[in-house]
Amino acid sequence: MSTADSLANPGNPRHGAVVRATHWITVIAFFALLISGAEIVISHPRFYWGEVGNALTRPLFTLPIPASRSTVPTGYGYVLPDQNGWSRSLHFQAAWVGVLTGLVYAIFSLWTGHFRKSLFPAAADRNWTALWKVIARYLRREPSDEIEAHSYNVVQRTAYLTVIFVLFPLVIWTGLAMSPAFDSAVPVAVNALGGRQSARTLHFFVSGSLLLFLVVHVTMVVLGGFRSRMRAMIVGRVATPKERT
Amino acid sequence: MRPISRRKLIAGGVAATAGVAGLAAAARLAQHYGLIPPDHGGIYGPGQTLTYAAQRLLTMHSLAREFPRSMISKTPFANATAPPNDLFKRHQASGFADWRLAVDGMVARPGSFSVSDLKSLPVRSQITEVACEEGWSYIAEWIGTPLTAVLNEVGTLPQARYVVFFSIDSEWWDSIDMADALHSQTLLTHGMNDGDLPVSFGGPLRMRVPRQLGYKSVKYITRLTVTDSLKSFGRGLGSSEPDYGYAWYAGI
């Protein structure tokens, strides 16, 4: 369905049911992963590079926060409550929910051409000029045009494709690389990253990138019209220009 | 809201029935092939079960990564200190000469082994990484008697499905399935880096399960029980770890 069709027929949903459902399930899974991941990091807020690292080796960097284990030197005179048990259980359960939801989304998107039609930038837009034009418009705080209520611009497309095809696969890979059992079956998963501690450090940074995306994404939704954007992603329908005023 | 047509309703009903039947069949198959962990109940049960089943299928014959001698950590981290109980201190004072490993349960010849008995069985060494669930790790050479050698000595009965192991610290116990119990890298460890296993690292006897995280490698082992069911041990969750929210299966 082209943008013109969508504009011509206001009955067509802005986002299909599968996209809406997988979007919100992913939101829930992501928050569960974020909170439980933060709790796990607190048990050892030191990061290393290479295969091994512990409280007796030099860290690559240390987060300036207290720890939930007394064996970690943090410089703080107190130890936070230990939340690793439920955090780990929630982290892996949410990871399964996220991965399975992603699988449904990916199969659906390949099947229906959602990637091709709604996410890959049009040939004319695959250049820096097109990207810059949209960014400049953002910077000038100009309101988005009517077409953008019905289709993604090139900056949105690039950001969403980066999350779907770069950051999500990377966060899954670096996470799995920390599993000793998975590594026994697929040693290259951890060796290619430079070792177990490198995988952990990369997992932290990729998660940070996803968090950064989330912050920008929500900010743009608010600036672009919170009610109409939320409505499009919840019930699918876009408010008509009259309703939006 | 559009009305739902009768055809859609019937198709949905058939699909739902097929889904439920499929799930039930999958659960029976998983049970048959030993893919259901003891802590499969509760709110995190689905996640624990998916992880265990997927990794058990994936790691059926895999070996934990072994490292060159040059990668042995110069600063291994012991984490916990020795159990403060008097029994352990008495053993420590006598150089662990009277330390015994009792083996019972579903075995033909229940027995008891001293550390030197274990050393007279086949011994192997391996350089593997200990990875703690907190995130830190180190590499050491571990010298020990493969658990399979001890199980062969006592004659495991065919219905055996798990090996439960107990620390002298009575609140610390755990278990592994037969895939890990019969795995060539699962060692009853009594040596580390060419010397005796130091007390801080679990001496005189530590179960090393290198395909799982550090908490599965229980220190100060005094007893093994071979069993076909984990229901009668503790709360029936296969380990003391689920009491603190941790998964029984620690491969991730």
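Source: prediction; values computed, not measured.

K.L.:
Before we move on, could you go through the overall build of chain B and cite the residues and values that matter?
P.N.:
Of the regular secondary structure elements, chain B holds six helices and 10 strands. In terms of overall dimensions, chain B has C-alpha extents of about 80 × 40 × 35 Å along its principal axes. Of the contacts formed within chain B by residues at least 6 apart in sequence, a portion of 66% connects residues at least 24 apart.

K.L.:
How would you summarise the overall build of chain A if you had to cite specific residues and measurements?
P.N.:
A count of helices and strands for chain A gives 10 helices and two strands. The N-to-C order of helical and strand elements in chain A reads α-α-β-β-α-α-α-α-α-α-α-α. Counting only C-alpha atoms, chain A reaches 65 × 40 × 35 Å along its principal axes. A fraction of 62% describes how many contacts in chain A between residues 6 or more apart in sequence connect residues 24 or more apart.

K.L.:
Give a description of the pairing of strand S7 (residues 187-192) of chain B that names residues and reports values.
P.N.:
Look at any regular strand and the pattern is simple: side chains alternate between the two faces of the sheet. Residue and element names in this part refer to chain B. With respect to burial, S7 is a largely interior element, six of its six residues being buried. Here strand S4 (residues 137-146) runs beside S7; their pairing, made up of five bridges, is antiparallel. Residue pairing for S7: Gly144 is matched across the bridge by Thr189. When S7 meets strand S9 (residues 206-208), the two strands line up antiparallel, connected through three bridges. Note on S9: the bridge partner recorded for Leu188 is Met207. Strand direction decides the pairing type here: S7 and strand S8 (residues 195-196), joined by two bridges, are antiparallel.

K.L.:
Describe the confidence of the model for chain A, naming the residues involved and giving the relevant values.
P.N.:
For chain A, mean pLDDT is 91; residues scoring 70 or higher make up 93% of the total. Confidence drops under pLDDT 50 across residues 1-8 of chain A; counting only partners more than four residues distant or on other chains, this segment forms nine contacts.

K.L.:
So what's going on with the sheet that holds strand S10 (residues 221-227) of chain B? Residues and values would help.
P.N.:
All names here are of chain B. Strand order across the open sheet formed by five strands is S2-S1-S10-S5-S6, with mixed pairing between neighbours. Each edge of the open sheet carries a strand with a single partner, namely strand S2 (111-114) and strand S6 (173-177). Within the sheet, the average angular offset between the axes of one strand and its neighbour, ignoring direction, is 20°. Strand direction decides the pairing type here: strand S1 (residues 100-105) and S10, joined by four bridges, are parallel. When the sheet's bridge partners are listed, Asp104 is paired in S10 with Thr225. Along the sheet, helix H5 (residues 147-154) makes contact with S1, S2 and strand S5 (162-167), crossing S2 at roughly 140°.

K.L.:
So what about the interface of chain A and chain B? Which residues, and what values?
P.N.:
Counting residues at the interface gives 31 residues for chain A, matched by 37 residues for chain B. Listing elements by their share of the side of chain A that touches chain B, those giving two or more residues are helix H3 (84-112), helix H7 (180-185) and helix H9 (196-234) of chain A. Sorting elements by how many residues they give to the side of chain A that touches chain B places H3(A) first, with nine residues. Of the residues that constitute the side of chain A that touches chain B, the class distribution is 12 nonpolar, 13 polar and six charged.

K.L.:
Break down helix H2 (residues 45-58) of chain B for me, with residues and values.
P.N.:
Between the first and last C-alpha of H2(B) there are 20 Å, a value that for 14 residues agrees with the 20 Å anticipated at 1.5 Å per step. Every buried residue belonging to H2(B) is among Gly47(B), Gln48(B), Thr49(B), Leu50(B), Thr51(B), Tyr52(B), Gln55(B) and Arg56(B), and all of these are buried. Elements in contact with the buried residues of H2(B): H3 and H7 of chain A together with helix H6 (178-181) of chain B.

K.L.:
How would you sum up the environment of Val155(A)? Please name residues and give values.
P.N.:
In this structure, Val155(A) sits in helix H6 (residues 154-176). Measuring from C-alpha to C-alpha, the distance between Val155(A) and Asp125(A) comes to 9.6 Å, with 30 residues separating the pair along the chain.

K.L.:
With reference to specific residues and values, describe the nonpolar core.
P.N.:
Formed by 54 residues in total, the largest nonpolar core has its most connected members in Val163(B), Phe165(B), Leu188(B) and Ile221(B). Apart from the residues within four sequence positions on either side, Phe165(B) is in contact with Trp173(B), Asp174(B), Ser175(B), Met207(B), Val218(B), Ile221(B) and Leu224(B). Counting residues in hydrophobic clusters, the runner-up holds 12 residues, among them Leu90(A), Phe92(A), Ala95(A) and Ile252(B).

K.L.:
Provide a residue-level description of H3(A), including the pertinent values.
P.N.:
Relative to the 42 Å expected for 29 residues at 1.5 Å per residue, H3(A) spans 41 Å between its end C-alpha atoms, a close match to the ideal helical length. Looking at the residues trailing H3(A), positive phi occurs at Gly113(A), about 80°.

K.L.:
Can you tell me about the confidence of the model for chain B, naming the residues and giving the values?
P.N.:
When pLDDT is averaged across chain B, the result is 93; 98% of the residues are at 70 or more. Our summary of model confidence lists the complex with pTM equal to 0.91 and ipTM equal to 0.91.

Cut-offs applied
Residues numbered from 1 in each chain as written. Chains lettered and ligands numbered in written order. Predicted model: local features only at pLDDT ≥ 70, side-chain atom pairs only at ≥ 80, totals over all residues. Helix = DSSP H or I, 4+ residues; strand = E, 2+ residues; numbered from the N terminus. Contact = placed C-beta atoms within 7 Å. Buried ≥ 20, exposed ≤ 12 C-beta atoms within 10 Å, placed from the backbone. Pairing = 2+ DSSP bridges. pLDDT = per-residue confidence, 0-100. Axes fitted to C-alpha atoms, helices over the stretch in contact; angles between N-to-C directions. Nonpolar A, V, L, I, M, F, W, Y, C, P; charged D, E, K, R; others polar. Expected span 1.5 Å × (residues − 1). Core = buried A, V, L, I, M, F, W, Y, C linked by C-beta atoms within 7 Å.

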